[in-house]
Amino acid sequence: MRALTLAGTGGLEQLRVQDVPAPELRAEDDVLVRVRCAALNRIDLWMVGGLPNARPTFPHIVGSDGAGEVEAAGPAARWRPGDRVLINPGLSCGRCAACDAGDESLCTSFAILGEHLPGTAAELVVVPAGNLGRVPEGMAWSEAASFTLATLTAWRMLTGRARLQAGETVLIWGVGGGVGLAALQIAVLLGARAIVTSGADEKLATAIRLGAAVGVNHRSGDVVAVVREETGGRGADVVVDCVGEATWTGSQRALRRGGRLVVCGATTGPAVTVDLRRLFWHQWTILGSTMGSRRDFAEIVGLAHEGRLWPVVDSVVPLADGAAAYARMQRG
Ligand code: ZN
């Protein structure tokens, strides 16, 4: 089968389309999916550069998100050939204490397609039946493929972790990214007031159309000052930060006393500092979050079926142009 693969770590020049062996059903509940679209995530760029805890076998198939049609299913899988499915790329063991508690993204052997396992940017991929959801009516393949990773991550951040409430104010850094856009849609859905940032005015305009209350260009504007002004000097109840080093100080300065800061990424670097005196005096809560549980997945797929969550697609390219698409994402 054809697949977009990494020949090794380094740069985007390591990406190439090539023929690789097709995957096969292994477990009774495995499902073979014929991928119609795969989507790009920041995680792929981390894989290109090389991650300390991911040691893929090269050539490594990239891509965590995807959607397609069921080609074949094991006897214990409830899916049938021809079913239109979207993929939850987080795989868990189903046997550890975290899995028993329904907290699959805390599974001791949690793994992500495209990171620890072969990815979705291929003609075929095998996933457990529980990692599939039905594609909503009217949702294009490109949209279905773009939905899960970003939406699932943002859903867990805002609901299970930060417990964002109606009427609260949330600051979302980098609303042009997948998680930022999903976080905005979820904040609006929950009845919260979203202040969003981007380095591009056209991305802010999109965010306003999607329901953001205020957009700030973080290249030309003072994000902390705007948040203070918009909250009567108090600060945001919740801050969503996937950016890391570049925004960390601003995130703390924008947070109210007793506020929650939730983190799912470190695009600009992982090394930050916390002044413990400010942490305890302001009684902040700092929360890490990764992916989501199977219940989170079922909830977001249900909301997509109701038309209340829907991904935003930038552009669609053929597999052969995959490397160029990653270059576009890398440029922001
Ligand atoms: Zn487990």
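Calculation criteria
- Residues numbered from 1 in each chain as written.
- Predicted model: local features only at pLDDT ≥ 70, side-chain atom pairs only at ≥ 80, totals over all residues.
- Heavy atoms only, no water.
- Salt bridge = Lys/Arg side-chain N within 4 Å of Asp/Glu carboxyl O.
- Helix = DSSP H or I, 4+ residues; strand = E, 2+ residues; numbered from the N terminus.
- Buried < 20%, exposed > 50% of the residue type's maximum accessible area, 1.4 Å probe, protein only.
- Pairing = 2+ DSSP bridges.
- Donors = N, O, S within 2.8 Å, 3.2 Å for Na, K, Ca; no water.
- Tetrahedral: all angles 85-135°; square planar, octahedral: opposite > 155°, others 65-115°.
- Phe/Tyr/Trp six-rings, centres within 6.5 Å; stacked < 30°, edge-to-face > 60°.
- Lys NZ or Arg CZ within 6 Å of the ring centre and 35° of its normal.
- Axes fitted to C-alpha atoms, helices over the stretch in contact; angles between N-to-C directions.
- Contact = heavy atoms within 4.5 Å.
- Right-handed = clockwise from strand over helix to strand, strands pointing away.

J.: Describe in detail the pattern of salt bridges, supporting the description with residues and values.
T.: According to the stated counting rule, one finds 15 salt bridges in the structure shown. A salt bridge links Glu-230 to Arg-193, with the shortest nitrogen-to-oxygen separation between them at 2.6 Å. Taken together, the residues Glu-230 in helix α6 (residues 223-230) and Arg-193 in strand β12 (residues 193-198) connect sequence positions 37 residues apart. A salt bridge links Asp-237 to Arg-256; the shortest N-O distance between them is 2.5 Å. On the criterion of sequence distance, the pair formed by Asp-237 in strand β14 (residues 236-241) and Arg-256 in strand β15 (residues 255-263) is long-range, its members being 19 residues apart. Accessibility classification places Asp-237 together with Arg-256 in one group, the buried group.

J.: Now, about the sheet that holds strand β2 (residues 15-19): what can you tell me, with residues and values included?
T.: Strand order in the open sheet made by the three strands is β2-β1-β4, with antiparallel pairing throughout. Of all strands in the sheet, those bounded by a partner on one side alone are β2 and β4 (60-61). Where strand β1 (residues 2-6) and β4 come together, two bridges link them in antiparallel fashion. Its bridge partner being in β4, Thr-5 is matched across the sheet by Ile-61.

J.: Requested: an account of the pairing of strand β5 (residues 65-73), with residues and values cited.
T.: Note: strand β3 (residues 30-39) against β5, eight bridges, orientation antiparallel. By the bridge assignment, Ala-39 is partnered in β5 with Asp-65. Relative to strand β6 (residues 84-87), β5 is paired through three bridges, and the arrangement is antiparallel. Bridge pairing in β6 places Gly-68 opposite Val-85.

J.: Can you explain the coordination of the zinc ion? Please cite residues and give values.
T.: In an ideal octahedron of six donors the angles at the metal are 90 or 180 degrees, and in an ideal tetrahedron of four donors they are 109.5 degrees. Bound to the zinc ion on the protein side are Cys-93 (SG), Cys-96 (SG), Cys-99 (SG) and Cys-107 (SG), at distances that span 2.3 to 2.4 Å. Coordination at the zinc ion comes from four donor atoms whose angles at the metal span 105 to 118°, giving a geometry best classed as tetrahedral. The sequence pattern formed by the donor residues of the zinc ion is C-x2-C-x2-C-x7-C. Among the residues examined, Cys-93 registers a relative accessible area of 21% and is labelled partly exposed. For Cys-96, a relative accessible area of 14% translates into the label buried.

J.: Describe the packing of aromatic side chains, listing the residues and the values that go with them.
T.: Applying the stated criterion across every chain yields a total of zero aromatic pairs. When the ring centre of Trp-141 is taken as reference, the NZ or CZ atom of Arg-84 above it lies at 4.5 Å.

J.: Any details on the sheet that holds strand β9 (residues 124-128)? Residues and values, ideally.
T.: The five strands lie next to each other as β9-β3-β5-β6-β10, forming an open sheet whose pairing is antiparallel. Taken across any chain shown, the strands that pair with only one partner, and hence form the sheet edges, are β9 and β10 (132-134). Here the average twist between neighbouring strands, direction ignored, is 45°. Both β6 and β10 contribute to a ladder of three bridges, which runs antiparallel. Residue pairing across strands places Val-85 opposite Arg-134, the latter belonging to β10. This element, helix α3 (residues 141-161), spans β3, β5 and β6 of the sheet and lies at about 105° to β5. Seen against the sheet, helix α9 (residues 294-305) touches β6, β9 and β10 and runs at an angle of roughly 20° to β10.

J.: Any details on unusual backbone geometry? Residues and values, ideally.
T.: Across the junction of Phe-58 and Pro-59, the peptide omega takes the value 0°, indicating a cis bond. Looking at the secondary structure, you find Pro-59 in the loop between α1 (42-49) and β4. For Arg-163, which is not glycine, the phi dihedral falls at a positive 50°. Assessed through its relative accessible area of 54%, Arg-163 is described here as exposed. Although it is not a glycine, Gln-283 sits at a positive phi angle of roughly 55°. Checked against the element boundaries, Gln-283 lands in the loop between α8 (276-282) and β16 (285-288). Residue classification places Gln-283 among the exposed residues on the basis of a relative accessible area of 56%.

J.: Give me the lowdown on the pairing of β12, citing residues and values where you can.
T.: Along β12, five of the six residues are buried, which leaves the element largely enclosed by surrounding structure. Both strand β11 (residues 169-172) and β12 contribute to a ladder of four bridges, which runs parallel. By the bridge assignment for β12, Leu-171 is matched with Ile-195. Read as a crossover between parallel neighbours, the route from β11 over helix α4 (residues 178-189) to β12 is right-handed. Pairing of β12 with strand β13 (residues 214-217) involves four bridges; the strand directions are parallel. Across the sheet, the residue bridging to Thr-197 is Val-216, located in β13. Following the chain from β12 across helix α5 (residues 201-209) to the adjacent parallel β13, one finds a crossover that is right-handed.

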